[in-house]
Amino acid sequence: QLQLVQSGAEVKKPGASVMVSCKASGDTFTDYFIHWVRQAPGQGLEWMAWISPNTGGTNYAQKFQGRVAVTRDMSISTAYMELSGLKSDDTAIYYCARHLTTKHSFDIWGQGTMVTVAS
Amino acid sequence: QPVVTQEPSFSVSPGGTVTLTCGWSSGSVSTGDYPSWYQQTPGQAPRTLIYFTNTRSSGVPDRFSGSILGNKAALTITGAQADDESDYYCLLYVGSGFWAFGGGTKLTVL
């Protein structure tokens, strides 16, 4: 059974960048998409981006285009999400999630990574 | 980009039935939007309840069901229990590789 394990909490200053990792174990890394979703404190879920580990193809929500980049390292079955130009309202829990095209849903989620942006 | 709409809050009595809905700011939801539903309790990652409009995810009790009602996707809980008190989110496929969550519905069971 696939598990997604994310990197630990981060505290960053405004204007900095943050990179969150998402390591897959227990299943092949190529048979699905990895999406990134964030949740600000007390707020709802917000879709950000996806990457196809197989092809490296990506897509980004318009809100984040130019500020987010998702990549992967096939050798260690890990996906990364880098968000730059951090602002205080980027303070949120960032989740990675698996998307199987056979289900078109986000069926397995990482545990989440808290990113705090504060001066 | 289209906005996904959900009721901000809903309440149901224990044992009662409640239907939460998920729509587009303009237009109708169809099965081709691949509606899925997620349950989230405080401090936890979301859990998938329903995908492909009406398919229950593994381990989800059959009191949860999904459908298209009118021009919206719907999640119905039949025989609500206390531990169904959670936030519920729908997810829709916008098209061209874009996805969007609804704002979520906070369900109270009392």
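The coordinates are above.
What comes next is a walk through the structure. As the structure is a prediction and not an experimental result, all values here were calculated from the model.

## Observations regarding the overall build of chain A
Per the secondary structure count, chain A includes zero helices and eleven strands. Along the chain direction, N to C, the helices and strands of chain A fall in the order β-β-β-β-β-β-β-β-β-β-β. Here the C-alpha radius of gyration of chain A, 14 Å, is about what a compact globule of 119 residues would show, namely 14 Å. Projecting the C-alpha coordinates of chain A onto the three principal axes gives extents of approximately 40 × 25 × 25 Å. Relative to its full complement of 119 residues, chain A shows a buried share of 50%. Look at the contacts in chain A between residues 6 or more apart in sequence, and 52% of them connect residues 24 or more apart. For chain A, the exposed surface amounts to about 5,100 Å²; the carbon and sulfur share of it is 49%. Seen as two clouds, the 10 positive and the 9 negative side-chain charges of chain A have centres 4 Å apart.

## Points about the pattern of salt bridges
Applying the stated criterion across every chain yields a total of eight salt bridges over all chains. Residues Glu 46 of chain A and Arg 38 of chain A are paired through a salt bridge, measuring 2.9 Å at the closest nitrogen-oxygen approach. With a shortest N-O distance of 2.7 Å, Asp 84 of chain B and Arg 63 of chain B are connected by a salt bridge. Of this pair, Asp 84 of chain B sits in the loop between β8 (72-78) and β9 (87-95) while Arg 63 of chain B sits in the loop between β6 (55-56) and β7 (64-69); the two residues are 21 residues apart in sequence, bridging distant segments of the chain. Three or more residues joined by partner-sharing salt bridges are found here, namely Arg 38, Glu 46, Lys 63, Arg 67 and Asp 90 of chain A.

## Some points on the nonpolar core
Counting residues in hydrophobic clusters, the biggest one holds 43 residues, and the most contacted among them are Ile 34, Trp 36, Trp 47, Met 81, Phe 106 and Trp 109 of chain A together with Phe 101 of chain B. Those residues in contact with Met 81 of chain A that lie beyond four places of it in its chain are Val 18, Met 19, Val 20, Trp 36, Met 48, Val 68, Ala 69, Val 70 and Tyr 94 of chain A. Grouped together as the second largest cluster of nonpolar side chains are 22 residues, Leu 20, Val 29, Ile 50 and Ile 77 of chain B included.

## Looking at the sheet that holds strand β1 (residues 3-6) of chain A
Residues and elements named next belong to chain A. Taking strand neighbours across the sheet as the criterion, the four strands line up as β1-β3-β8-β7 in an open arrangement whose pairing is antiparallel. The open sheet has two free edges, formed respectively by β1 and β7 (68-73), since each of these has just one partner strand. In this sheet, neighbouring strand axes are inclined to one another by 20° on average, regardless of whether the strands run parallel or antiparallel. Two elements, β1 and strand β3 (residues 18-25), share four bridges in a ladder whose sense is antiparallel. Within β3, the residue paired with Gln 6 across the bridge is Cys 22.

## Structural notes on the interface of chain A and chain B
If you look at the interface, chain A gives 25 residues, while chain B gives 20 residues. Here chain A packs against chain B, burying approximately 1,800 Å² in sum over the two surfaces, 62% of which is carbon and sulfur. Together, Leu 45, Trp 47 and His 104 of chain A form the three largest contributors to the area buried by chain A at its contact with chain B, with a combined 33%. Summed over the shared surface of chain A and chain B, the number is eight residue pairs in polar contact (both at pLDDT 80 or more).

## As for the pairing of β7 of chain B
Residues and elements named next belong to chain B. Sheet analysis places β7 next to β8, joined by six bridges and oriented antiparallel. In the strand pairing of β8, Leu 69 is matched with Lys 72. Counting the residues that bridge the hairpin from β7 to β8 gives two residues, and of these Gly 70 lies at a positive phi of roughly 65°.

## Things to note about the state of the cysteines
All names here are of chain B. The full count for this structure, using the stated rule, is two disulfides over all chains. Bridging Cys 22 to Cys 90, the disulfide has an S-S length of 2.0 Å. One quick way to see it: the torsion about the S-S bond of Cys 22 and Cys 90 is about 80°, and its sign makes the bridge right-handed. Remark: Cys 90 occurs in strand β9 and Cys 22 occurs in strand β3 (residues 17-24); sequence separation between them is 68 residues. Assessed through its relative accessible area of 0%, Cys 22 is described here as buried.

## Comments concerning the pairing of strand β10 (residues 105-109) of chain A
Residue and element names in this part refer to chain A. Counting buried residues in β10 gives five out of five residues, a clear majority hidden from the surface. Relative to β10, strand β9 (residues 92-100) runs antiparallel, the two sharing four bridges. Looking across to β10, one finds that Leu 100 is bridged to Ser 105.

The rules behind these values
Residues numbered from 1 in each chain as written. Chains lettered and ligands numbered in written order. Predicted model: local features only at pLDDT ≥ 70, side-chain atom pairs only at ≥ 80, totals over all residues. Heavy atoms only, no water. Helix = DSSP H or I, 4+ residues; strand = E, 2+ residues; numbered from the N terminus. Rg over C-alpha atoms; globule rule 2.2 N^0.38 Å. Buried < 20%, exposed > 50% of the residue type's maximum accessible area, 1.4 Å probe, protein only. Contact = heavy atoms within 4.5 Å. Areas by Shrake-Rupley, 256 points an atom, 1.4 Å probe, with all protein chains shown as cover. Lys, Arg positive; Asp, Glu negative; His and termini not counted. Charge placed at Lys NZ, Arg CZ, Asp CG, Glu CD. Salt bridge = Lys/Arg side-chain N within 4 Å of Asp/Glu carboxyl O. Core = buried A, V, L, I, M, F, W, Y, C linked by side-chain atoms within 4.5 Å. Pairing = 2+ DSSP bridges. Axes fitted to C-alpha atoms, helices over the stretch in contact; angles between N-to-C directions. Buried area = accessible area lost by both parts, 1.4 Å probe. Polar contact = N/O pair within 3.5 Å; in protein donor to acceptor, adjacent residues only side chain to side chain. Disulfide = S-S within 2.5 Å.

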